[in-house]
Each structure stands twice: as C-alpha cells, then as structure tokens.
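# Descriptive analysis of the structure
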Protein chains: 2
Amino acid sequence: MVDSNRGPESNVDVLIIGAGPAGLMAACWMAHCGVTTRIVDKRNAKIFCGQADGLQCRSLEIFDSLGFADRVWKEANHLIEICMWSPGDDGVIRRSDRIPDTIPGLSRFQQIVLHQGRIERFFLDNIKKLSNNSIRVERGVLPESLKIDEAKVGDNTAYPVTVTLRHLSEEEATPPQQISGSKIEDGIFRSNLMNEDDEEDWILKRASRGGACETVHAKYVIGCDGARSWTRRILGYELEGEATDFIWGVMDIIPITDFPDIRMRCAIHSAENGSLMVIPRENKMVRLYIQLKEVAPDATGRADRSKITPDLIFRAAQNILSPYKIDYEYCDWWTAYQIGQRVCTNFDAHQRVFLAGDAVHTHSPKAGQGMNVSMQDCYNLGWKVALVAKGIAKRSILGSYQSERRRVAQDLIDFDHRFSRLFSGRPAKDVMDAEGVSMEEFKDAFEKGNLFASGLSINYGASILVAKAGDAAEQGDGSIIAASAASQTTLDAFRKKQALATGLPIGMRFNSFKVLNQADARPWHFQERLKADGRFRIVLFAGDVLSAPQKARVDAFCRALDAPESFLHAATPPDAAIDSVIEVLTIHSSRRVDTELLREFPAVLHPFDEHTGWDYSKVFVDDMSYHEGFAEAYDKYGVDRARGCVVVVRPDQHVAWIGELEDFDELESYFKGCLVLPYGGVTGSSHMR
Amino acid sequence: MVDSNRGPESNVDVLIIGAGPAGLMAACWMAHCGVTTRIVDKRNAKIFCGQADGLQCRSLEIFDSLGFADRVWKEANHLIEICMWSPGDDGVIRRSDRIPDTIPGLSRFQQIVLHQGRIERFFLDNIKKLSNNSIRVERGVLPESLKIDEAKVGDNTAYPVTVTLRHLSEEEATPPQQISGSKIEDGIFRSNLMNEDDEEDWILKRASRGGACETVHAKYVIGCDGARSWTRRILGYELEGEATDFIWGVMDIIPITDFPDIRMRCAIHSAENGSLMVIPRENKMVRLYIQLKEVAPDATGRADRSKITPDLIFRAAQNILSPYKIDYEYCDWWTAYQIGQRVCTNFDAHQRVFLAGDAVHTHSPKAGQGMNVSMQDCYNLGWKVALVAKGIAKRSILGSYQSERRRVAQDLIDFDHRFSRLFSGRPAKDVMDAEGVSMEEFKDAFEKGNLFASGLSINYGASILVAKAGDAAEQGDGSIIAASAASQTTLDAFRKKQALATGLPIGMRFNSFKVLNQADARPWHFQERLKADGRFRIVLFAGDVLSAPQKARVDAFCRALDAPESFLHAATPPDAAIDSVIEVLTIHSSRRVDTELLREFPAVLHPFDEHTGWDYSKVFVDDMSYHEGFAEAYDKYGVDRARGCVVVVRPDQHVAWIGELEDFDELESYFKGCLVLPYGGVTGSSHMR
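Model, not experiment: these values are computed from the prediction. Within each chain, residues carry numbers counting from 1 in the order of the written sequence. Whichever chain is written first becomes A and whichever ligand is written first becomes 1, with later ones labelled in order. Predicted model: local features are reported for residues with pLDDT of at least 70 only, side-chain atom pairs are reported and counted for 80 or more only, and whole-chain, interface and lining totals are derived from all residues. Heavy atoms from the whole structure form the basis of all side-chain values; hydrogens and water molecules are not counted.

Attention now goes to the overall build of chain A. Helix and strand labels come from DSSP, where a helix needs a run of H or I of at least four residues and a strand needs a run of E of at least two; each type is numbered from the N terminus. From N to C terminus, chain A includes 17 helices and 29 strands. A total of 689 residues make up chain A; the buried ones form 62% of that total. Of all intrachain contacts in chain A linking residues separated by at least 6 positions in sequence, the fraction that spans at least 24 positions is 75%. Computed by Shrake-Rupley with a 1.4 Å probe, the accessible areas treat only the displayed protein chains as cover when residues are assessed. For chain A, the exposed surface amounts to about 25,700 Å²; the carbon and sulfur share of it is 49%. Note on classification: 1.4 Å probe, protein chains only; a residue is buried when its accessible area is under 20% of the maximum for its type, exposed when over 50%, partly exposed between these limits. Note on contacts: a residue pair is in contact if any heavy atoms of the two residues lie within 4.5 Å.

Here you go:
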C-alpha cells in the first residue's frame, strides 16, 4: 500500500532510531533473540576518531556475553594504575598517590580504552553474523513523525507505533566537517558548547529538499538518538538538571614529553592553572582532559566557542603540567564541553517507545561513563522488549526498564556532580583554605567513585523480575512498577533466602568464578556460560551429590522440574529443545573424578537429543583444575558446599531469585509472574531412547 | 619476455609450492618480513573437513607470535585430561588411569583440537593483512619443471632456481570427490592406502590438455607439497623408513553413547578387539582412531582398500567400546591409513630449494604431530630465508635448517615407532604374557611422549645461530654445518654462561612468565613481546638498577651498545629505526614504583623518536601486579635478581646466546657470525631533542 504523502508502509517488531553504541546494543539483542528489527541513523558514516572510549569491567563482561570481548581486549589499551598529582608546599606538582585503576578481585576484566569506532565495528560484525545479515544499519534515514495509537498499546499482536522515515542519498547525508585550510577537523562540531547542532541543521535542510518517504508500523520503538534526541523531543520529554561554569577541553595526541606518568591514568591538580586528566590510549595516543580556566560562560550560560582552539587548550595543558615539558606533532581529535548533569523525566511512553543513552542522561565524560551507561541501558532493555515481542514474557516486565535504569542515571548524575566539583576545584593550600579542595577528600571520592565507575555496583530494586526484600519504589527511580513477588510479610523469608548465596546479591550481576565442566574437565569462568541469548537460567548449586540425602534432594528437584506440568515445560514450545526458553545449569561440589555425568545427574540437567546424544555442556563442578581454577566458587558465591541452593539469573546476568531446592513452588511463582507460559502438559525429551 | 614454450618470465624472492599449513607458515613469515613471495597449490580448494587438527602448546605459542592464537583458542575444543582404559581380569574395559593432557606449568597454553580448515583460514587472513594483500594463494597451479643454476647458488643477488608453472582454470582443477550415490565423501581419497594419488592423476590429466604456462626465477623455493611431494621427487630425494602391518580407521562423528569419557581424550586397549583413541572435537564432534584388526596388508605390503568402509570401521569401534553402546547419525569425515615411519635423506638442495612438512617426514597421525611438526619446520625455516633474501643474515645460517629440523623428524619417527607398537599391540593378560603389551609400559610411554608431543622439548644443537657447548653434528641430524662460535676450548666457559639463566636452556624456546611494563604497569606474558617479525632480540636482564654498582654495569653495557661502531648500529640501515633489525628488551628486578623509565634507564633501552616521543614498550619489571602476575620471572628464568644477564633470542623465540653484561665482545661476535652488518659509524637517534 502506498500513501502519496507517507510512502510505502510496512510492519516491523522493533524500530531503533540511532546507531551509536546504545542503538547497536539494542539491535544486538534483537539479532541474538531473532526479533525482526530495523535500525536507522540520520548520519551516513560511522565515527572514525575521538568520542567516548573508556570501557568499564561491566561493559567487557557484557561484550563477552555477546561474543566479542576478546576482540576489544586485544586491541585496547589497558588501564592498570591511577596516579594522583597535586602541588607540594612549593606549588610544584608531584605524584602524591597511586591506586589500582580497577579494584582487584572485582571482575575478570580491567578497565580499558578503545576508540568508539572500533566498538561500533565489533557490534556491526556481531549483529551481521547473529542476524544472518538481516539487521543492517540504514544510514541517512531521518524520522519525521511518530504517533502512538493509545487504544492498541495493551494488545500484544498490534503495531501501535507509526513512524515516517525520510531516506537521503549518501551525498545528501554527508555534512562538510572539515574546516577549510585546517588539517584537523573542527572539534567543536558536535560539542555541547554549540547552541544548535550544525550537522543536524544541515541534514534537515537537505531533507526538506527531497528524499523518499516511507511509513513504518512498529510494535516497539527505541530512541537512542543522542543528547539532542529527536525521539525525546517528539515525545515532549525534558532533561532536568543544570549546567556548571566549568569548561574543559579534550585532545587526543601522541605526546612528546618527559612527564613520567604519561602512560598511566593521571588526575592532576595544579596549584593555580587548573586540573588535567591523562588517559593513555591505544596506538601511542594519550587523551588529555584539560580544564580551561580562561574560558567562562557568559550571562546566557554559554561559553564563547570562537575563543576555543587546539592552541588554547594545549597551552592550558602545558601550564598545568609545568615544570614537565609536553609537546606533540600528531593530534587525532579535539573538542571542548561545558560540564552539566541532566536526566530525563521519563524513559518510556506507554511502554511502547523507549529512550536510552544520551537521550535521557548527560554528564561530564571524564569518568568514562557515557558510552558504558548508554550501552548498559539497552543491555537492560533489549531482552525485555525481545521476549515480550516474541510472546515469551509478559508486557508488565517493561515497566522495570525505567525503574531500574532511571535510578542508575540519577545515581550517575549525583556522582558526576560531586566528582566534577572536586576535580575542577583549586587544591587547598592548607587545612585553613576552606575554598580549596582537600586532596584527601578528592582521593577518597576517586576511590569510592572507582567502584561506581566499574559498573559493578548496579543493584536493581525489587520488581516482578527481582524477587528481593525492600520497597520497590525506594529501590527504583520512584516510579510505580509491577510489584515483586515479595510482600512486606515475606520480607524475613527473603532475607533468609539471600543467606543461601551471600556472594550473589539479588539484583546485582552474577559474579564469575572458575568451575570445571564435569564431562571434559575444562575450566570456564562461569559467566562465560551466561550468554546473551535471551534465555533465563536456573543455576542449580547441587551441593555434594555423592551424599545420599543430598542426591535425594537433587532428584526431587529435578523430578518437579521435568514433570509435564512444570513451568519449564509450560515455557517451552512443544517442538523446541527443553533449554530454549529457560536453561538449567548445574554446579556441584563433589570431587570431579568420583562423579559421572550419566550416573549422578538426572537427565533434565543434561538433556538427551536423539540426533546428537547427551548434552555435555551444562553440568559443572567446583573442583581443582590441572592448569587454572582453584575450587573456590562455592566459597566465593557464599553457598553451602553440602546443601547448595537454586538461583535464577535473568538474561542480562542479574540475580533474580534465590531459594532452597525445596522451594520449587516459589520458583514456579517467579516464572509465572514474568513469563507467559503458554504450553505445558508435554512430557520431556530428556530420556535416552 | 615471452618464450613460446615456457610462457612469460618473472622474478620472485621466494616461491612456495603447496598451501597446506607448512606452506602457509612459510608464506606468513614472508608477509611479516616483507619479502616478495608467491605461493601456489595444485588443488583449487581449501580443506573443509577432516584431516589433521590437534594443536600442541608450542603451535599455539607460535600462532600467538603471528597474531592469531586468540582466534584458535576461542574456537577450539580444549583437551584437559587423558583417560586410559584397559581390560580388567574379566576382560571388560574399565578406566585404569587419568593424567593431565598437557603437563601443568609447561606453557601458558594447553593442547587443543580444531579443524585444519579453520587454521588455514586464520593463516590466510593473517597473510592477507600483513602483506597488504600482496601475497595470495594461487590455486590450480602446477609446477612442471625445476632447475637450479649451480654456478649462481652462492650469489646473493641471483635468482638461481627456475620453475615452470601451469595454470588450470577452476573447472580444470576441481576433481570429483563425491562418490555417486553417497552423502559422505570417499574417505580413502587422500589416504596413504592409495597406490596412486587419484586426485593428482586427475589434475595431471587435465593439465596435459591445456592451461597457460609461465616461468618463474626464484631466489628460494620452499616445497611444502605433502607426502607425495613433486618437489622432493624432482630433486631425486627418497623417504627412508618402513611401513607396519597396522591399519587404522578414522571417523569424525557426533556420538550418541553412554561411554562416560567420550568428552575426554581416551586411549583404550580392548582385550581382543584392538585399540581405540578418542579425541573430542569442537561442535559436539568426536574423532575416533580405530584399529582395524580384520584388515591386513597383502604380500605387496598394501591393504585392500575396497574392504574398508565406514560400517566396517564403526563396527570395530563398537566392539572395542563394548559393553558401552555407541552410535551416530552424523559423520563429518572418515578415512583409513597404514602406519609407517619415513624421513627424507635431505631437507634442501644447495640451500636454495627446501623441503618441509609431510614432504620430508611421514608417520601415524594419532599423536597429533603431523600438522604441528610441519608448521614448525617452516617456523624454523621461514625467517632464515627471509633474512638472507633481505641481505640481513648470512647465507651460511641456512644450513641450520636441515641440522635442526631433520633431527626433530628423526626423533619424531623414533617416538612414533615405539608408541604405535605399544598402542596397536594386544594388552598383556598378566606378567607372563610376553607377547602382550604391558599397560604400565604404555602409560609410561604416553606420559613421556606427552612432553615430546607438546613440542616444547625441542632443543636445537650448536651452530652459528646457537652458541652452546657440545658437538654440533651430534646435536643435529649428523650433517656438517657452519660451526658455532664455541670451540672445544671454550666449552667450560659456555657451561658457566648457561648458569646465568638456568631456566632458559640455550637452543630451546624462550619460556614465558609474566612481567609488568614499567611505564604503564600492564602485565604481559613476556613471550607476547617476542613477535614473529624477523627481528633478533637482546633481552637485558638488568637486575637491581637501584643499586649503584649494578646501574654502572647497565650504563656501561648500554654505552657499548649505542656506540656508533657497535653491531647494533652496523646492523641497522641509517634511515631505519634503531630497533628494526635487533630489538633490545629489558626486564629489571627493582621495585616498579621506585624506578622511572626516563631516570634509571639509558635512552637506547627506550629509543626516542622525534615524531612520537619516547618508546614506552620495551622496559619491563619483575614485580607484583594488582590483578595478575607474581614477580617470579627472575626465579623461573633462573637469573640472579641483583646482577642479571644478557640473552639473545632468535626470531623464532629460541634462546641463542647467554652472557654477562661485560661479555659485550662475545655478544658482538655472535651477531658478526650470523648477520651481514653492512652499516655502522652512524650515531644513534636515541636522544631527546
């Protein structure tokens, strides 16, 4: 059908607007879950230099779940140590402290730095492979209108969001970024110091002159279109917050210097010349974040961008680093920005249109948070939308996106607000200097901030997806969401359940320790087995299966799980493998060499397939390995080696539920709360023929 | 110039015949060293299933030096444990032993299994990237004649080897491998049970009918064209050795079985039905090596291939595994072979034409040695040819290829001979059963063989490339080669030098332990810094540089190294970076936080470049890291923490020379022995402007 104004019409399950890291993460989930998806971006080219590039441990764990952490890890520069520099009594800067960049023991990864363009490349390769090339970024495509048919938002089969898109030719969509006569691109081009987005204006002007139109009906739209989000504006939502007077410059250079810590991450406070952060990068480059004390916002709150040049920024860096010398021949990229913290009032509209990333939170880039938090927004959102679109999960889980992620954004904004002021302030001359910033206070904030900045302190509140004690509104962003299975009266019960696995706090991501595959003795970081494929997982800590009473408990649990009427069968289409919606993984604590997969473990834990035999990939043991791994998983997870427990893990690796092997009914309640469970009464296929 | 018979003529530095793993390894070196190279193969397609696929630790270390070990490691199945099964008193098989597959502590890698086609894919990607797509495998190309102009073999500028090549079209070069009416390819197609090579016959028949000719003049030719090597035959060389009566079948299947160790590597001796080896593979597959007791060679020494079918092979496997059940639906590949051990009399002709891989040694495949030893032949040969072709090294180093690698082949043949007989023999019923094989003896041979099979016991003999004590002919293959710097009178001196680094035996590969980069505290496995780029390396164990006397020793060594007349400058073209032929790497033992790169270490250890500043990648410290690495490198290398020592490492990571910091003249002698050193008298560029 072709409408003369709105062009051809089509349906799609998910439409993603914006192909930066947040949009690509959303597309990645859809590719992994097999949901029909389109992703459009008004720009016609990927990013080739500059922009965000610090990667938290948590982002690396997420990349690993998607299958490309190894590529990132190999190419990136690794950040190991932070050196703090501050003025001595003589006013000359000297190294005052060293701390590890990533708190030891926190994750199997450390923080690293790699150019955003490479990350986007890895996403694109992954999406291409997992979607069989059916999801491709459509560039030079602008959304022009968006309407939500409110009458249909509750209907799972409907496509209630209608978006018109305009397609520009490659030439039409290529703005001229080069400044005439300069080899370096204009670094202010996309900075928040611009009153308008020149690029957007330019593209819009072109768009008004031509380009083909089409109309798309989508079940869900995800707006990942950046700080000036078109999607946010058309929904009428506002960013709330404030700007500061602090203006910072950024440069990516290959430094020629005698400063001894140029390959360390450094936080440098000079006595009078402002502050500097050093972030060593790949390919000999170093990123410098440089406070510009000579530039101040005017009465309208905006800085005069014409004054800001690479020379001005670099002179400021030289002054801060004095008496050390620094120079460069090669500059890869530069920009400047005004520090401010803002968060959007709403993260969705009717749980049909969602906003993520810079579209809903902005802050200063120094902590390397921006790209990480944006990607993690969509790591939280993507599987929820995918499972609801596929009819596996209930629509009510979608409310948890705002409650979980807007709360993270609020915490981030608070952190950035405090940290920016400490970093941009003049160091105190002595204890009587009340206007100055205490270097002890700064170091303390830095160390505390480091845990936050790792992305590993995220703790989602109670909801139908997180069965834990406490008040859901208090633990979330304040919005009212579908209630958790826990009522106030079961609080005590849940506190007890948490005690079954003290190292796996409900709401936090499932930590990773090494376990061995029972069938082939290969060591795995357990998190490697929690892939981002949209499946919930039940982790059965089976305890000591060689003890007869414990074996009886395990057998009883498995009988309930494999009963025709159980939620496991009710969740699984009759023609699908028994592990296609919920996968059961086992970690036992007996000696590996005394146990055998086919002897000690019921079939549902290693399902039989008539074409390929037993599944050897699901049962693990917490035992010593020959080469790596130290039989400490039960200890670190805080689980009793004899009795074990049962843990539910969400598709995004967050711990959702903990119980005893006897708490089968409560386990079933959890899944009845969030999944549709349309099948059932089918006998399992987990028996050898 | 076009000769009517021989087609157009051209020159090339290196012509490689055969694009299997050995030929690709040779091409890889040429790509990494920037040597003009062609590689041709008569077959028109890569291998898509079956064939060799076990990878030793050493092969993984080599892949890491080339840059793609991570891809192999990620896709492969990892072999952790070997289970031995033998008959009990009742004649029923049971697990009699477990041993680790890779001896713990031997390498940072463990043995793995991955299909040869994937390995070739990684080689091709690597060659393409490193050669800027200038080296590409030319398929469907047959060599037809080869002549060596003996008058010119000593002339470095000459192209003394003339080869004519015939180019077939894709259609002409595609033999019909499918057996009509069968889904599985004919597994005997390329087996050594064939009297003739049907494929080769087929291609030759096509070639006789057409295809364009050309004539190539090469400085060096490397023949990697397999067990029926055309290159070997045209040189008139013979494989010496013998065949056995043992016939084995091979199948790659997805097993459906109740045998408990099907995901372990297993060596199974049945009481009467023969032996079986289980090698678990990637993608749920398992390779079975199955002794075929029902098939015996005839009077001519050849087995009747028509009797050998997948059914016959699999029935044999079922009998050996009884009482356990095994079945399959999916078979990926199968073949059969007759065990034999042969090694070629010569590995080169005039040190202008070289033979490598299956062309010069054949043996049984069960130890997973074939592909590994073949690749390692060319890992030994490639850099030598490249450096001589580039005028960096003297031609006399080329003799070491045969002395080093033919000796390895001889050792391999001996090992395989003993091992095959133990594995193919009937297990002894009791101690009086003299005809049977003792299972204790078998286990003992297996454990000893495991070290050999890891590829890490290779110890090259004395030569101009290996400055160590002992008799060169005895340590090599018996051929006479250019003498080492060591004469009989300096034996005692060299024994003392080895004592300076007891963990780095001269002639063996440089073992790897973790050290930290001084400038950014990042932990590295030191071997990761020994990349395959054709550079020799001097590893300066600088000792405790915070002690004044030791600092003076380091300064004196560096002054000698950086003097205009030193071998380092004499080896380096005036317009090239000082580290382009010989790279100096430093590991010191002082505390990292008490030392600074620019303060304690002379410029030659971290050379200055006027465009990019100091080199931060060359100085390391043996100190504790925050996250990994335990300050044990000096201990494990057996080097004195206070005084250190100096070690020369060949481009293939083998230890070449050890001395004190004061042994500068001997160090210079080593390089004068093997390198051309055409420059000199140029002052270093390692000073800050």
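A word on the nonpolar core. Take the buried Ala, Val, Leu, Ile, Met, Phe, Trp, Tyr and Cys residues and link them wherever side-chain atoms come within 4.5 Å; each set so joined is a nonpolar core. Counting 214 residues, the largest nonpolar core has Phe510(A), Phe536(A) and Phe541(A) as its most contacted members. Top contributing element to this core by residue count: helix α8 (residues 370-389) of chain A, with twelve residues.

Residue and element names in this part refer to chain A. Buried residues dominate strand β15 (residues 275-280), accounting for six of its six residues. Where burial is concerned, the two faces of β15 agree: the one with Ser275, Met277 and Ile279 and the one with Leu276, Val278 and Pro280 are both buried. The pairing of strand β14 (residues 265-269) with β15 spans four bridges and is classified as antiparallel. Within β15, the residue paired with Cys266 across the bridge is Val278. Hairpin connection from β14 to β15: five residues lie between these consecutive antiparallel strands, with Gly274 at a positive phi of about 100 degrees. We call two strands paired when DSSP finds no fewer than two bridges between them. Here β15 runs beside strand β16 (residues 286-291); their pairing, made up of five bridges, is antiparallel. Within the sheet, the bridge partner assigned to Val278 lies in β16 and is Leu288.

Residues and elements named next belong to chain A. The salt bridge criterion pairs a side-chain nitrogen of Lys or Arg with a carboxyl oxygen of Asp or Glu, the two atoms within 4 Å. Taken as a whole and judged by the stated rule, the model has 100 salt bridges over all chains. In this structure, Glu75 engages Arg118 in a salt bridge whose closest nitrogen and oxygen atoms are separated by 2.8 Å. Here Glu75, found in helix α3 (residues 69-75), pairs with Arg118, found in helix α4 (residues 116-130); they are 43 residues apart in sequence, far enough to count as distant. The exposure class of Arg118 is partly exposed, given its relative accessible area of 28%. For Lys384, the salt bridge goes to Glu404, with nearest N and O atoms at 2.8 Å.

Turning our attention to the packing of aromatic side chains. Residue and element names in this part refer to chain A. Aromatic contacts are taken between Phe, Tyr and Trp rings whose centres are within 6.5 Å, Trp giving its six-membered ring; a plane angle under 30 degrees counts as stacked, one over 60 as edge-to-face, and the others as tilted. Going through the model one piece at a time under the given rule, you end up with 69 aromatic pairs over all chains. Here the aromatic rings of Phe536 and Tyr670 are separated by 6.4 Å at their centres, their planes lie at 70 degrees, and the arrangement is edge-to-face. Residue Phe536 is found in strand β23 (residues 536-543), and its partner Tyr670 is found in helix α17 (residues 664-674); the two are separated by 134 residues along the sequence. Residues Phe536 and Tyr670 agree in their burial class; the two are buried. Through a chain of ring-to-ring contacts, three or more aromatic side chains come together here, namely Trp248, Phe415, Phe419, Phe423, Phe442, Phe446 and Phe452. Working rule: Lys NZ or Arg CZ, within 6 Å of ring centre, within 35 degrees of ring normal, means a charge sits over the ring. Lying across the ring of Trp524, Arg522 places its NZ or CZ 4.2 Å from the centre.

The next subject is the interface of chain B and chain A. Taken together, the contact between chain B and chain A spans 50 residues of the former and 50 residues of the latter. A buried area of about 4,400 Å², summed over both sides, lies between chain B and chain A, and 52% of it is on carbon and sulfur atoms. Note: buried area is the sum, over both parts, of the accessible area (probe 1.4 Å) each one loses when the two are combined. Ranking the residues of chain B by area buried against chain A places Ile80(B), Tyr626(B) and His627(B) at the top, with a combined share of 15%. On the surface where chain B and chain A come into contact, there are six salt bridges. With a shortest N-O distance of 3.0 Å, Glu596(A) and Arg95(B) are connected by a salt bridge.

Moving on, we get to the sheet that holds strand β5 (residues 77-78) of chain B. Residue and element names in this part refer to chain B. In spatial order, the strands read β4-β8-β5; together these three strands make up an open sheet with antiparallel pairing. Looking at strand neighbours, the two that pair on one side only are β4 (54-55) and β5, the edges of this open sheet. Bridge analysis of β5 against strand β8 (residues 112-113) gives two bridges, and the strand direction is antiparallel. What sits directly across from His78, in β8, is Ile112.

Right, let's get into helix α1 (residues 21-33) of chain A. Residue and element names in this part refer to chain A. Take the number of residues in a helix, subtract one, and multiply by 1.5 Å to get its expected span. The terminal C-alpha atoms of α1, which comprises 13 residues, lie 18 Å apart, in line with the 18 Å expected from a rise of 1.5 Å per residue. Judged by how many residues are buried, α1 sits mostly within the fold: 13 of 13 residues are covered. Of the residues trailing α1, Gly34 is marked for its positive phi of about 70 degrees.

As a further point, take helix α7 (residues 310-321) of chain B. For α7(B), which comprises twelve residues, the first-to-last C-alpha distance of 16 Å matches the rise-based estimate of 16 Å (1.5 Å per residue) to within 8%. All of the buried residues in α7(B) are Pro310(B), Leu312(B), Ile313(B), Phe314(B), Ala316(B), Ala317(B), Ile320(B) and Leu321(B).

The subject of this paragraph is the relation of the copies chain B and chain A. Least squares is the method used to superpose the copies, on C-alpha atoms of residues holding a pLDDT of at least 70 in both. Note on the identical chains: chain B maps onto chain A by a rotation of 180 degrees and an axial translation of 0.0 Å, with an RMSD of 0.0 Å. Expressed as an axis order, the relation between the two copies is that of a two-fold axis. Across chain B, the smallest distance between a C-alpha and the rotation axis is recorded for Asp70(B), namely 3.9 Å.

All names here are of chain B. Simply put, an axis is a line fit to the C-alpha atoms, just over the touching stretch for a helix, and the angle between two N-to-C directions goes from 0 to 180 degrees. Between helix α1 (residues 21-33) and helix α8 (residues 370-389), the least distance of the axes is 8 Å, while the angle of their chain directions is 30 degrees. By the angle between their axes, α1 is roughly parallel relative to α8. For the crossing formed where α1 meets α8, the hand is right-handed. Residues Pro21, Ala22, Met25, Ala26, Trp29, Met30 and Cys33 of α1 form the contact with α8, whose own contacting residues are Met371, Ser374, Met375, Cys378, Tyr379, Gly382, Trp383, Val385 and Ala386. Throughout, the term roughly parallel applies to angles under 35 degrees, roughly antiparallel to angles over 145, roughly perpendicular to angles from 65 to 115, and oblique to all others. The sense of a crossing depends on the near helix, which, turned anticlockwise from the far helix by less than a right angle, makes the crossing left-handed and, turned clockwise, makes it right-handed.

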